[in-house]
4 protein chains.
Amino acid sequence: MSAAYRVGNGPSGLAARFEPRAAWRRAYDAVRSETARRAAPLTAEDQAVQSMLDASPIKWHRAHTTWFFERFLLLPHAAAYEHFDPRFGYLFNSYYVAAGPRHARPRRGLITRPSVAEVGDYRAHVDAGVHKLISDARPERREVWLTLEIGLNHEQQHQELMLTDILHAFAQNPTAPTYDAGWRAPEARDNAGGFLTLAQGIHTVGHDREGFAFDNERPAHRVLVGPVRIARGLVRNREWLEFIRDGGYRKPSLWLSDGWASVEAEQWTAPGYWQECDGRWLTMTLGGLKPIDPDAPVCHISYYEADAFARWAGKHLPTEFEWEVAARSGELSDADGVVWQWTRSAYAPYPGFQAEAGALGEYNGKFMVNQMVLRGGSMATPAGHSRVSYRNFFYPSARWQFTGARLADYDG
Amino acid sequence: MSAAYRVGNGPSGLAARFEPRAAWRRAYDAVRSETARRAAPLTAEDQAVQSMLDASPIKWHRAHTTWFFERFLLLPHAAAYEHFDPRFGYLFNSYYVAAGPRHARPRRGLITRPSVAEVGDYRAHVDAGVHKLISDARPERREVWLTLEIGLNHEQQHQELMLTDILHAFAQNPTAPTYDAGWRAPEARDNAGGFLTLAQGIHTVGHDREGFAFDNERPAHRVLVGPVRIARGLVRNREWLEFIRDGGYRKPSLWLSDGWASVEAEQWTAPGYWQECDGRWLTMTLGGLKPIDPDAPVCHISYYEADAFARWAGKHLPTEFEWEVAARSGELSDADGVVWQWTRSAYAPYPGFQAEAGALGEYNGKFMVNQMVLRGGSMATPAGHSRVSYRNFFYPSARWQFTGARLADYDG
Amino acid sequence: MSAAYRVGNGPSGLAARFEPRAAWRRAYDAVRSETARRAAPLTAEDQAVQSMLDASPIKWHRAHTTWFFERFLLLPHAAAYEHFDPRFGYLFNSYYVAAGPRHARPRRGLITRPSVAEVGDYRAHVDAGVHKLISDARPERREVWLTLEIGLNHEQQHQELMLTDILHAFAQNPTAPTYDAGWRAPEARDNAGGFLTLAQGIHTVGHDREGFAFDNERPAHRVLVGPVRIARGLVRNREWLEFIRDGGYRKPSLWLSDGWASVEAEQWTAPGYWQECDGRWLTMTLGGLKPIDPDAPVCHISYYEADAFARWAGKHLPTEFEWEVAARSGELSDADGVVWQWTRSAYAPYPGFQAEAGALGEYNGKFMVNQMVLRGGSMATPAGHSRVSYRNFFYPSARWQFTGARLADYDG
Amino acid sequence: MSAAYRVGNGPSGLAARFEPRAAWRRAYDAVRSETARRAAPLTAEDQAVQSMLDASPIKWHRAHTTWFFERFLLLPHAAAYEHFDPRFGYLFNSYYVAAGPRHARPRRGLITRPSVAEVGDYRAHVDAGVHKLISDARPERREVWLTLEIGLNHEQQHQELMLTDILHAFAQNPTAPTYDAGWRAPEARDNAGGFLTLAQGIHTVGHDREGFAFDNERPAHRVLVGPVRIARGLVRNREWLEFIRDGGYRKPSLWLSDGWASVEAEQWTAPGYWQECDGRWLTMTLGGLKPIDPDAPVCHISYYEADAFARWAGKHLPTEFEWEVAARSGELSDADGVVWQWTRSAYAPYPGFQAEAGALGEYNGKFMVNQMVLRGGSMATPAGHSRVSYRNFFYPSARWQFTGARLADYDG
């Protein structure tokens, strides 16, 4: 099998070696149908709303991820592909300046048409085009397979956003709708006590193996890490309730200055979606309004809150490299699958960072200022999407993601 | 037949005298089904969007008008009526402080649930309740029939807003959706030339007859009007194009100071929804994007624009009383049915004005500052809703209504 | 004496007949020195601050009124006049679009130079120019004398603003500086009880006599007024305290909708500059922080508050014409000299209104929307400036002027 | 001599060993008189203005630095010290929450009183108190001498801000006032060509010697740096003009996403204070409006601009540790004394960072998010204030400081 053909971590395993086209097709269909599965419980109205500037309508996510394949894969590489609707390029480009003008982000919720059903048609049309390309493209057309793979990883990122964005929308509704009646808060692992000690040493971080990674994980490089101790487990609601009871949200001395400004401006008194009701704390979840489970990891906290909590606890947040080295050791509980974990590292390029060529170079690099790195993965992250070198990033005030904290200690 | 029974201009004519219950039922069903008719071309997504703070979702209009009957008619007067969903009082109260707390107006577009279908169920449930009340209520329960009548007039006002609000929403969509493919711009009447002269004299304005009127039309009272000349016809697009070509939107000397601030802030260069495309003016309409018809009356202008145009033309806008006296003479063309006509009168209470008792007293009186009176009626006004004493009112910057102008001349 | 020479109410009396030039010079010097007198207690820093967008620095008032004479009187009419500094036209033009581009209003407080002393030099330079023009201009050059007169009236308006603006600035200072240690709250007249009844009738309002008036007071015209009863006296603090105690600032039912929005946004709980301190109400005045005098007329109220108070009291505010007819009867107490009195009349042109020609036409006409008329005059109004037909106007939310209320009653 | 007595780098040299009190007194007087020297060219109005939220009035700087000594040195440590005016604590506390409530930062420009002269009295009063404390305090009262030293370093920081803030204020004035007629643009050194190569290696960064340093420079710690090449010289206007001519401000692909948002919102087309005039670039300086000197280092650029320029040049900005290691080698030209140099390092705590105890702990630590580190020192930095481990920090959009750039290269 051609080396060019086996790019990234798209289709993997033995099957991929012997039937690469079938493996790509399976990988593509799996990702695409997961998007459909996540949208299925939602009405047309649910899919059209944009509940804040940071969020996008579900319908838009479904169309935008489709446009991504159309614009970057089919139009350049599938000669016979017929453009579904040229106006969609304007409507569903997110932020790729090199891909032309686009509908203003804050106005995505105004697009009542194309309808949910028409977006479904768009998805089917592009799926057919991609299927055909997978069947026809020559193995050595490396850019086809690379773009296909990045498109799948891109769509997985939007799958996570679909859940965070609909949760935000539902949380604005006084009737607290339920996305998934069977939803349960993730439990923290039992063995998550104590700290893992890292002596000072030089480690390699970043992605240097075969398999897919985003450009921001590269190049792998050496860093000096430690000494530091990293908590094996995540911060839990029980501890957070203690922080609240101890006046954590009322003591400016615990907060970064910009954080305290957010506390005052947004009148934060608890994590996002928490509300006090007759002396009991409830939280809005994908399963509707639920009582806080003290044993569950805290979720929907901003970086500012994570930092203030750490200060209150006499600890710190780890750097992203401390996190990565600890995670590579295999000794962290709930490193992924529960909540993304804020690190104290600002999102910045690795030494020697090279953005992807062309419009896809806008994917990561241009956001490398003012945001903080989160590591791990959450309950909303699609299976297989994240990895130990994965760098998620949000502004330090963001709370609508599934974000939590893991502490570090430098003091011995 | 009891006088108490024959309130207002709800059901009218001979039938009403002999079968008042049936007449009320017919009036009720006619208004309610007109709302359904206006919503029918719209998808669920169309009905959920709120495209600006001044507009509301169609679904909200449908539910709010229903809540009005439930809250002010059924709950107080229909003992056996079963509340459809108590949470709807919070969701669908507009601004009646006396009717309890309510969902913030700018957040109406976030309510994806109840769905369009559930709002339909709500409407049917309340319809059944009202039908039963019409059958059962005793003729002398004057408040029942008065509230029923105000509820019908209220719903008609929202019927007009449904069209203005969906037009605004569609105008935000780069694909320019069509509400009604058969829509045509209203033609101005042919005989609309010249001016009608009013000598100075004392006239009675306002509503003093039998039949329904809002509290803001009362009491009828005497005013000194004239001398003035009122244009028989409406300002047309042909003249407006001349105003544009003559730099009307670029000469601050033509504008009120606040108006010029709007021109600069909003970058107005033409009436609302107009766009220049390859040297040709188009406008967004209920029938989609259409070329400007020079003979049609100008529409979607703010008070500021109407005033600037009048100054440019060496004329003025009439006062609301000049308009009313002229309209009562029967010599105005297109007094209603085409566009609401801005007057130079600020919206203010008539001498001796008494707001309705209770929560319904918030209907009109509390808006009597900062807004300008419009008279007449538009192509979107339901048949039979307006009358010669009718006072519509909007902020002087508003352009999303079907608003136009009729000139006056004081100088000879 | 030439009729052309005796324009307006500038210099008046016998002297003016026989020595018109000397009379004009005296009038000019009197007005100009009053400006200096009002600025005298202020430091350079006091004169430079702009404490809100609606206010201007004292230094700016001093320079702007001077620029007015330079720009509209000297440059067009005094051939030999030497421009003091051409850059001042940009800095000190207020809003005269026809007089060229100008420094943005919100940035007036940034102009630390020219200094207070340089502005003094500017004033002296222009004074010399005007003195020379008064000596030299031929009596029949009617526009010279008219412009001189409007310039004096213009400067008097700014004299009032100097006091309202510095009071606002001092009120922002936690140390509550004193402008005039000898300042006393004006006392209401003792005989100010009861109501004056006006039967319905046609009256002439507006300015139709010899003597100066602004264009907005013209033309005099006939209006139908009454029946109405007008309070002889002003609303006093004693009554306002009762309104506060009765929850006046907490009951939305008393307020216009836009007014209630201001109450909530600005968190109004009392008139402007009032503060509660250990259970006692104090107010910031030109004499510093003082206890509220219950017998003094209420001051620093917005139109919204005046309207809400009137509703609470079961009364209304009078229209501007009711006020004028009552004031012409001579039976109102404190018609002027204490506080401007909000009327329920929106500021609008009189029928047949003609703005002044040229740039001075921007003086009044372009503000005729969104503002409410106040009548009378205040403790800060220069002697001889106001008159019975005088129309002052401010936005309904304004509180930094010396504004109060007089009630009316339509109900018998 | 007691070790306790010889803290920090306040007074230094032989004299300090033998006459420590005299040395402290000389150091104190030197710093305090430098503040007076910097304020001397300014009028009272110049000293009162606050030209934007980020800037403070000169008078405020003079009072705030004085309050710092009063609040943290005299009140706790000088028993007989008489409080000058207790209200000043409210007016002149900047952001020390632990030191009590304070006047809101955006309102500093409203404080016309105390006057410039009264602030002078305040300074003299506190100077007398500090002089007495220097004479009386026992050598072993370590906290006295530490606080004195931090107060002097604090005042030096404000000395730099006095120049940046008055330059900003003067730049708002269309008459472009001059602060110092003798001001000249700093020249870049001649030998500043080429790059210095750093091989990969572990270096110690941060402050670990005797002598004063802020808490944010500690603890010194080991970092892995390189391989990297650092430019010996600063970016110059000549290169920046080329960047402009090449469309640097018009190509979104060169910019971070947040940076491009600033370009669009602020309409940046050149560095701060630059203006194009008849095809020639001028810039506002402390010496008034001057032509751009192509050989001078570029100044008044934001981090966003520095980053975009580096990308355009095919280079990067160095990290703060790369900068520090290179600067310690002595091979950088203009490392300080010209412009602060943006690094690509977000401002964050060093591992093991401990904020100062008490209110002074708010000095640095609470700002460690959302800001970028600048290294070096500028033409406005007081002599002796900066050092190789010094960490300055500003938001990435800030342009009113004397900020420039030095490039790095990872690729060669």
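These numbers come from a predicted model, not from an experiment. Each residue is numbered by its place in its chain's sequence as written, counting from 1. In the order they appear in the text, chains get letters beginning with A and ligands get numbers beginning with 1. At least 70 in pLDDT is required for a residue's local features to be given in this predicted model, at least 80 for side-chain atom pairs to be given and counted, and no such filter applies to totals for whole chains, interfaces and linings, which use all residues. Only hydrogens and water are set aside; all other atoms, that is, all heavy atoms of the structure, feed into the side-chain values.

Requested: an account of the confidence of the model for chain A, with residues and values cited.
All names here are of chain A. The predicted model of chain A averages 93 in pLDDT, with 94% of residues at 70 or higher. pLDDT under 50 marks residues 1-9. Its contacts with residues more than four places away, or in other chains, come to 28 contacts. In the predicted complex, the global pTM is 0.94; the interface-specific ipTM is 0.94. pLDDT is a per-residue confidence score from the predictor, ranging from 0 to 100. Residue contacts follow a heavy-atom distance rule, with two residues in contact if any of their heavy atoms lie within 4.5 Å.

Can you explain helix H4 (residues 58-77) of chain A? Please cite residues and give values.
For an α-helix, 3.6 residues make a turn, and residues three or four places apart therefore share a direction. Residue and element names in this part refer to chain A. Elements are defined by DSSP. Helices are runs of H or I of four residues or more, strands are runs of E of two residues or more, and each kind is numbered from the N terminus. Helix span is expected to be 1.5 Å times the residue number reduced by one. Taking 1.5 Å of rise per residue, the 20 residues of H4 would be expected to cover 28 Å, and the 28 Å separating its terminal C-alpha atoms lies within 8% of that figure. The largest bend in H4 is about 35°, located at Glu 70. The buried label goes to any residue with under 20% of its type's maximum accessible area, the exposed label to any with over 50%, and the partly exposed label to all in between, with areas taken from a 1.4 Å probe on protein chains only. Counting buried residues along H4, 17 of its 20 residues qualify, which places the element largely inside the surrounding structure. The bend at a residue is defined as the angle formed between two axes, one fitted to the seven residues ending at that residue and one fitted to the seven starting there.

Explain the relation of the copies chain A and chain B residue by residue, including any values.
Its rotation angle being 180°, the transformation that places chain A on chain B also includes 0.0 Å of axial translation and leaves an RMSD of 0.0 Å. The transformation just described matches what one would write down for a two-fold rotation axis. The rotation axis passes nearest to the C-alpha of A:Glu45 in chain A, at a distance of 2.4 Å. Here the copies are matched by least squares. The fit uses the C-alpha atoms of residues with pLDDT of at least 70 in both.

Now, about the sheet that holds strand E12 (residues 408-409) of chain A: what can you tell me, with residues and values included?
Residues and elements named next belong to chain A. When DSSP finds at least two bridges between two strands, those strands are taken to pair. As summarised here, the arrangement of the 3 strands in space is E1-E4-E12, forming an open sheet in which the pairing is antiparallel. Pairing within the sheet leaves two strands with one partner each, and these edge strands are strand E1 (195-198) and E12. Where E1 meets strand E4 (residues 228-231), 4 bridges bridge the pair, whose relative direction is antiparallel. Residue pairing across strands places Leu 196 opposite Ile 230, the latter belonging to E4. A fitted line through C-alpha atoms represents every axis, and for helices the fit uses only the stretch in contact; the resulting angles, taken between N-to-C directions, go from 0 to 180 degrees. The sheet strands contacting helix H11 (residues 320-328) are E1 and E4, and the helix crosses E1 at an angle near 105°.

Provide a residue-level description of the interface of chain C and chain D, including the pertinent values.
Tallying the contact residues gives 32 residues for chain C and 32 residues for chain D. The term buried area means the drop in 1.4 Å probe accessible area that two parts suffer when joined, counted for both and summed. Interface area, chain C with chain D, both sides summed: about 2400 Å², of which 56% is carbon and sulfur. The term salt bridge refers to a pairing of a side-chain nitrogen on Lys or Arg with a carboxyl oxygen on Asp or Glu at a separation within 4 Å. Between the two partners, chain C and chain D, sit 4 salt bridges. Of the charged contacts, one joins C:Asp46 and D:Arg113 as a salt bridge, the two residues approaching to 2.5 Å between their closest N and O atoms. What qualifies as a polar contact is a pair of N or O atoms within 3.5 Å, subject to a donor-acceptor requirement within protein and to the restriction that residues adjacent in sequence count only when both atoms come from side chains. Counting across the interface, chain C meets chain D through 12 residue pairs in polar contact (both at pLDDT 80 or more). Contributing elements (two or more residues each) for the side of chain C that touches chain D: helix H3 (44-48), helix H5 (87-92) and helix H7 (142-171) of chain C. Among the elements that make up the side of chain C that touches chain D, the one with the highest residue count is H3(C) (4 residues). Among the residues making up the side of chain C that touches chain D, the classes are represented as 15 nonpolar, 11 polar and 6 charged. Residue classes follow a fixed rule: Ala, Val, Leu, Ile, Met, Phe, Trp, Tyr, Cys and Pro count as nonpolar, while Asp, Glu, Lys and Arg count as charged, and any other residue, Gly among them, counts as polar.

Let's hear about the domain arrangement of chain A: which residues, and what values?
All names here are of chain A. In this document the domain limits rely on a domain assignment from an automatic tool or a database. For chain A, the assigned domains read domain 1 (21-171) and domain 2 (195-409). Distance between the C-alpha centres of domain 1 and domain 2: 28 Å. In this assembly, 26 residues from domain 1 lie in contact with 26 residues from domain 2. Of all residues in domain 1, the largest losses of buried area upon contact with domain 2 belong to Ile 150, Glu 160 and Leu 167, amounting jointly to 26% of the total for that side. Summed over the shared surface of domain 1 and domain 2, the result is 0 salt bridges. Along the contact surface separating domain 1 from domain 2 lie 14 residue pairs in polar contact (both at pLDDT 80 or more). Going through the elements one at a time, H4 and helix H7 (142-171) are the ones with two or more residues in the side of domain 1 that touches domain 2. For the side of domain 1 that touches domain 2, the residue count by class is 14 nonpolar, 7 polar and 5 charged.

Before we move on, can you summarise the nonpolar core with the specific residues and values?
Among buried residues, the Ala, Val, Leu, Ile, Met, Phe, Trp, Tyr and Cys ones that are joined through side-chain atoms within 4.5 Å form a nonpolar core. Membership of the largest hydrophobic core comes to 104 residues, with the highest contact counts inside it found for C:Tyr96, C:Val130, C:Leu148, C:Trp240, C:Trp255 and C:Trp342. In terms of residue count, H7(C) provides more of this core than any other element does, 11 residues in total. In this structure, A:Phe88, A:Tyr122, A:Ile150 and A:Trp281 belong to the second largest nonpolar core, which totals 103 residues.

Any details on the pattern of salt bridges? Residues and values, ideally.
Residues and elements named next belong to chain A. Under the definition given, this model contains 92 salt bridges over all chains. We note a salt bridge from Arg 25 to Asp 29, for which the minimum N-O separation is 3.2 Å. Of this pair, Arg 25 and Asp 29 both sit in helix H2 (residues 20-39), 4 residues apart, roughly one helical turn. Classification of Arg 25 as partly exposed rests on a relative accessible area of 37%. Looking at Asp 29, the relative accessible area reads 29%, which means it is partly exposed. Sharing partners across several salt bridges, the network here consists of Glu 320, Glu 324, Arg 328, Arg 375 and Arg 391.

I'd like a description of the pairing of strand E4 (residues 228-231) of chain C, backed by residues and values.
As judged from the 2 bridges shared by E4(C) and strand E12 (residues 408-409) of chain C, these two strands associate in the antiparallel manner. Bridging from a neighbouring strand, C:Arg229 pairs with C:Asp409 of E12(C).

Explain the environment of C:Leu133 to me, and be specific about the residues and the numbers.
Considering the arrangement of structural elements, one finds C:Leu133 in helix H6 (residues 116-136). The spatial distance from the C-alpha of C:Leu133 to the C-alpha of C:Glu187 is 43 Å, given a sequence separation of 54 residues.

So what about unusual backbone geometry? Which residues, and what values?
Across the junction of B:Arg218 and B:Pro219, the peptide omega takes the value -10°, indicating a cis bond. In this fold, B:Pro219 is placed in the loop between strand E2 (201-205) and strand E3 (221-225). Backbone geometry at A:Asp334 places phi at a positive 50°, although glycine is not the residue there. Along the polypeptide, A:Asp334 turns up in the loop between H11 and strand E8 (340-346). Of note, the phi angle at C:Gln267 is positive, near 55°, even though the residue is not glycine. One can find C:Gln267 in the loop between helix H9 (257-266) and strand E5 (274-277). The class of C:Gln267 is exposed, set by a relative accessible area of 65%.

Tell me what's going on with the sheet that holds strand E6 (residues 280-285) of chain D, and back it up with residues and numbers.
All names here are of chain D. Judged by pairing direction, the sheet is antiparallel, and its 3 strands sit side by side in the order E5-E6-E7 without closing on themselves. The strands lining the two open edges of the sheet, one partner per strand, are strand E5 (274-277) and strand E7 (288-291). When the angles between neighbouring strand axes are averaged without regard to direction, this sheet yields 35°. In terms of strand pairing, E5 meets E6 through 4 bridges, oriented antiparallel. Bridge assignment links Cys 277 to a residue of E6, and that residue is Arg 280.

Describe in detail the interface of chain A and chain B, supporting the description with residues and values.
In this assembly, 32 residues from chain A lie in contact with 32 residues from chain B. Here chain A and chain B share an interface that buries about 2400 Å² over both sides, 56% of which is from carbon and sulfur atoms. Its largest share of buried area at the contact with chain B, chain A owes to A:Glu45, A:Thr112 and A:Arg113, together 31% of the area lost on that side. Across the contact surface, chain A and chain B share 4 salt bridges. Between the two partners, chain A and chain B, sit 12 residue pairs in polar contact (both at pLDDT 80 or more). Secondary-structure elements contributing two or more residues to the side of chain A that touches chain B are helix H3 (44-48), helix H5 (87-92) and H7 of chain A. Examining the composition of the side of chain A that touches chain B, we find that 4 residues originate from one element, H3(A), more than from any other. Residues belonging to the side of chain A that touches chain B are distributed by class as follows: 15 nonpolar, 11 polar and 6 charged.

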